[in-house]
Amino acid sequence: MSNPTHLKTVLAASAPDDSPAFVRSLPAWAAPAALGAILVLAAVLYGWALGSLGWANSYYSAAVKSMGKNWTNFLFGSFDPAGVVTVDKPPAALWPQVISSKIFGLHGWALVLPQMIEGVAAVLVLHRTVRRWAGEGAALVAALVLTLTPITVAINRDNNPDTLLVLLLVSAAYALTRALQAEGRTATWWLCASGFLIGCGFLTKMLAAWMVIPAFTLAWLVGGSGPWIPRVRRLLGAGAILAASSLWWVAMVALWPGDRPYIGGSKDGSAWDLVVGYNGLGRVFGSSDGMSQNMGGFGGGFGGASGLGRLFNAQVGGQISWLLPVSALALAVALVGVVMRRRGMLSADALLPASGWLLWGTWLVVCAAVYSTQKGIFHPYYTTQLAPAIAALCGGLTAALVRVHRAGERWAPLVGVAAVVVSVVWAVALIRRDSAWNGWLVWPVLLLGCAAVVLLLLTRRRGRLLTVAVGAAVASVLVAPGAWAVSVPGSTSVMGGSNPTAGPMTFGGGGRMPRQSGNDGELPSAGMPSGFPGGDAPSGRSGQPSSGDVPSGMPSGMPSGMPTGGANGMPGMSGGSTSGHSGMPSFPGGGSGKAPSGRGGFGGGELTSEQRKILDYAVEHAPHARIKLGVEGGAMAASSFILGSDETVIGMGGFTNSDNAPSVDQLKEWTKSGELRYVLGSDTNSGGRPGMTGSANYTKQRSDWIADNCTKVPASAYGGTSSSKSSGSAMGFGAGADVLYDCAAK
């Protein structure tokens, strides 16, 4: 049975003549042209000079190459070509990158290209979603805000999973909005589609996708059509679709009949443990069943200490917080509007549907609360998940104030003034935190803010100025974050694709370092701490660190001997294509090439001469071994070997060097059968390198076994030097000098 009230709300929200005045007063072609310009801007910001990005996050890039070897690796997301251990996320976000590498060849830009497309698509889908809720003007504002969100630009130029997650969640919001504006079976189908898309998001970053479920649930229960019982029944049906689309991969891992890779990040090799442990409770509370995510004080240090102020601190504030005060004001205006409507002070036509406010407001509040308080591993780029909600709320506030103003309420421009003032004040505060980095932005921000305030006040008497006033207000609040966003394509951070950020670069302790810019991707020498690339080189090698050098501002509590960058510090990157293997099409071009310049993991470059000598020696002396080299120190320590050669190299211990992959029993079996002979370890901590602390301590078990059962190969045997720095791992697990171990069965 139809719901007349619901239909009236839907028609009111979507009728063309209900568009805000500042849009209706423009030519018919203006809105499509504006949307086209925004999409072009997004494509430029996300896709400019993709070739300069190198391998982006070399951890995922190495996995993409390995996943292209065979269908099993592809399905599970294997990090290494031998299929020993997977990445510590589900594989869905990497599947488009594998497909792109098959089409264009294995190049860094080919892996980031799908990310750019997904980012632009998210802007378009958000526009269509907000347009159905609040009209064309609000949709354009939302699209522009999302496009210019600094951390969104940074992550869309990288190959981390967050870009696809955002696209899927925004698409789910579009499906929900369609469900809210439909009835009967059509509404059910759209609601189920929304649940399906959230489930697909689960296959990119697991429980991070489920954080929006409370928002979707509230929006449907309040704004859905039909009586309560059918409405709840439809919601339960959509929940079943969501669970199925989320958990099929988890079930497949559990029921797989043959050999499969160990699920990286888990304690027992199962996907379910990864869901509730490392990527679940471990992220929120910092540990799960004794497995700490502290990583020597570095885990949460990427984004500063947990707490309600995290989103506004030195590490995260400039990435996402510019419009958080305006978003809070938007929710307050929505609440006031509801109260005024119930008291008969506003007509229904002056209000936006409450379901939209609940959807985007709850999305923002829940995600902000989780990311602010989580004690486990946290990167600033996680907050890109907040960007669609912030953008939609800013667009909704614009439309709401215009509607109220048209309804004759003279206080609407004053609220607009308050929005401009609070955003400008906060923007100035963020800019002045580091006035050495584009500190001049304070003046255009203040100038545009003052102009917007004057124009908004004048609209109380002269309504014709509304279009200009709204434009000035939008410009005043976006000029500063826009400058941060525009800075991204021309610069990269020392940590590169492992922790992409915008604006001035900061570390966990709040210290600042200059961003990488120009000089063919090299860091400027001036102002760089001793031991970092481009800085003073106490060891006599340009840009190479001395042992244990850590820059001011790095998180305290770093593991002793942490590699600090350079060719022999953080693992480098290497380019090259690979020939096809069983069941998978080959990469075009074949052969191995040089690594693209730019960032990758914590630094760029190909295999060092020392690493190349080690690998060549292992291949020459164990030509029939299935695994040519095992690398202790976590997966990141092996990334350069995987990307820089076509040999089968494995990273032992997964991303954190703490996974039971390979286990000691596997090492015994491999060395006994001749499948593995050589292991690259360290001259400290027995034969391996430290990892995360945990109850089982699989890292120590492997290290002890290597020390007891393998013999050191003299560096002179492969033409190396005994003082070679550890290749380490991206998270700082490396320690001591590289040592090659011969584990041939005795």
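Not measured: the values here are computed from a predicted model. (Residues numbered from 1 in each chain as written. Predicted model: local features only at pLDDT ≥ 70, side-chain atom pairs only at ≥ 80, totals over all residues. Heavy atoms only, no water.)

## A word on the overall build of the protein chain
- Tallying secondary structure elements over the protein chain gives 26 helices and 9 strands in all.
- Scored against the burial criterion, the 746 residues of the protein chain give a buried share of 61%.
- For the protein chain, restricting intrachain contacts to residue pairs at least 6 apart in sequence, the fraction spanning at least 24 positions comes to 73%.
- Split by element, the accessible area of the protein chain, about 26700 Å² in all, is 62% carbon and sulfur. (Helix = DSSP H or I, 4+ residues; strand = E, 2+ residues; numbered from the N terminus. Buried < 20%, exposed > 50% of the residue type's maximum accessible area, 1.4 Å probe, protein only. Contact = heavy atoms within 4.5 Å. Areas by Shrake-Rupley, 256 points an atom, 1.4 Å probe, with all protein chains shown as cover.)

## Description of helix α22 (residues 466-487)
- For α22, spanning 22 residues, the distance from its first C-alpha to its last is 31 Å, which sits close to the expected 32 Å at 1.5 Å a residue.
- Along α22, the sharpest kink reaches roughly 45°, centred on Val479 and followed within four residues by the proline Pro481. (Expected span 1.5 Å × (residues − 1). Bend = angle between axes of the 7 residues up to and from the residue.)

## Considering helix α6 (residues 95-104)
- Along α6, the positions that sit buried rather than exposed are Trp95, Gln97, Val98, Ser100, Ser101 and Lys102.
- Its buried side turned inward, α6 meets α4 (58-67), α5 (71-76), α7 (108-134) and α14 (228-255).
- Directly beyond the C-terminal end of α6, a positive phi value near 95° is found at Gly105.

## Observations regarding the sheet that holds strand β7 (residues 678-682)
- As summarised here, the arrangement of the 5 strands in space is β6-β5-β7-β9-β8, forming an open sheet in which the pairing is mixed. Each edge of the sheet is formed by a strand with only one pairing partner; in this case those strands are β6 (649-652) and β8 (711-713). Neighbour-to-neighbour, the strand axes of this sheet turn through a mean angle of 35°, independent of strand direction.
- One ladder, built from 4 bridges, connects strand β5 (residues 629-632) with β6; its direction is parallel. The partner of Gly630 across the bridge, within β6, is Ile650. (Pairing = 2+ DSSP bridges. Axes fitted to C-alpha atoms, helices over the stretch in contact; angles between N-to-C directions.)

## Observations concerning the environment of Ala419
- Within the element layout of this structure, Ala419 appears in helix α20 (residues 412-432).
- Judged by its relative accessible area of 9%, Ala419 falls in the buried class.
- Those residues within four positions of Ala419 in sequence are excluded, and the remaining contacts are Val326, Leu329 and Leu397.

## Comments concerning the confidence of the model for the protein chain
- Considering every residue of the protein chain, the mean pLDDT works out to 81; 76% of them sit at 70 or more.
- Taken element by element, the predicted model of the protein chain shows its lowest mean pLDDT in helix α1 (residues 4-14) (43) and its highest in helix α10 (residues 162-180) (98).
- Of the regions scoring below 50 in pLDDT, residues 1-18 engages in 26 contacts with residues more than four places distant in sequence or in other chains.
- For residues 726-734, every residue scores under 50 in pLDDT, and the model assigns this stretch 57 contacts once sequence neighbours within four places are set aside. (pLDDT = per-residue confidence, 0-100.)

## Some points on a nonpolar patch on the surface
- On the surface, Ile99, Ile103, Phe104 and Trp109 cluster together into a nonpolar patch covering about 390 Å² of accessible area.
- Looking at the nonpolar patch element by element, the count peaks at 3 residues for α6. (Patch = residues over 30% accessible without salt bridge, like charges linked within 9 Å, V, L, I, M, F, W, Y side chains within 5 Å. Salt bridge = Lys/Arg side-chain N within 4 Å of Asp/Glu carboxyl O.)

## Observations concerning the pattern of salt bridges
- Scanning all chains against the criterion turns up 9 salt bridges.
- Taking the shortest distance from any N to any O, the salt bridge between Asp646 and Lys65 comes out at 3.5 Å. Residue Asp646 is located in the loop between α24 (635-643) and β6, and its partner Lys65 is located in helix α4; the two are separated by 581 residues in the primary sequence.
- Ionic pairing is found between Glu136 and Arg131, a salt bridge with its closest N-O pair at 2.6 Å.
- Overall, Glu136 belongs to the buried group, its relative accessible area being 11%.

## Section: the pairing of strand β9 (residues 738-742)
- Of all 5 residues that make up β9, 5 are buried, and the element is covered over most of its length.
- Alignment of β7 against β9, held across 5 bridges, turns out to be antiparallel. The residue of β9 that forms the bridge with Tyr678 is Asp742.
- When β8 meets β9, the two strands line up antiparallel, connected through 3 bridges. Among the inter-strand pairings, Thr711 is bridged to a residue of β9, identified as Asp742.

## Focus on the nonpolar core
- Judged by nonpolar contacts, the single largest core of 190 residues is most densely connected at Phe216, Trp360, Trp363 and Leu629.
- Look past the residues within four positions of Trp363 in its chain and what remains in contact with it is Leu169, Val170, Ala173, Val212, Ala215, Phe216, Leu358, Gln385, Pro388 and Ala389.
- One finds Ile627, Trp670, Leu676 and Val679 within the second-largest nonpolar core, a separate group that totals 18 residues. (Core = buried A, V, L, I, M, F, W, Y, C linked by side-chain atoms within 4.5 Å.)

## Re the packing of α7 against α10
- Where α7 meets α10, the closest approach of the two axes is 9 Å, and the angle between their N-to-C directions is 20°. Taken as axis vectors, α7 and α10 run roughly parallel relative to one another. Viewed along their axes, α7 and α10 form a crossing whose handedness is left-handed. Contacts between α7 and α10 involve Gln115, Glu118, Gly119, Ala121, Ala122, Val125, Leu126, Arg128, Thr129 and Arg132 from the first element and Thr163, Leu164, Val166, Leu167, Val170, Ser171, Ala173, Tyr174, Thr177 and Arg178 from the second.
- In terms of residue class, the contact of α7 with α10 is built from 10 nonpolar, 6 polar and 4 charged. (Parallel < 35°, antiparallel > 145°, perpendicular 65-115°, else oblique. Left-handed = near helix turned anticlockwise from the far one by under 90°. Nonpolar A, V, L, I, M, F, W, Y, C, P; charged D, E, K, R; others polar.)

## So, unusual backbone geometry
- The peptide bond linking Ala661 to Pro662 adopts the cis configuration, its omega dihedral lying at 0°.
- Looking at the element boundaries, Pro662 is found in the loop between β6 and α25 (664-673).
- The phi torsion at Met206 lies on the positive side, around 55°, for a residue other than glycine.
- Structurally, Met206 is set in the loop between α11 (184-205) and α12 (207-210).
- In the Ramachandran plot, Asn657 falls in the positive-phi region, its phi being about 65° despite a non-glycine side chain.
- Counting through the fold element by element, Asn657 comes out in the loop between β6 and α25.
- Take Asn657: its relative accessible area is 0%, and that puts it in the buried class.

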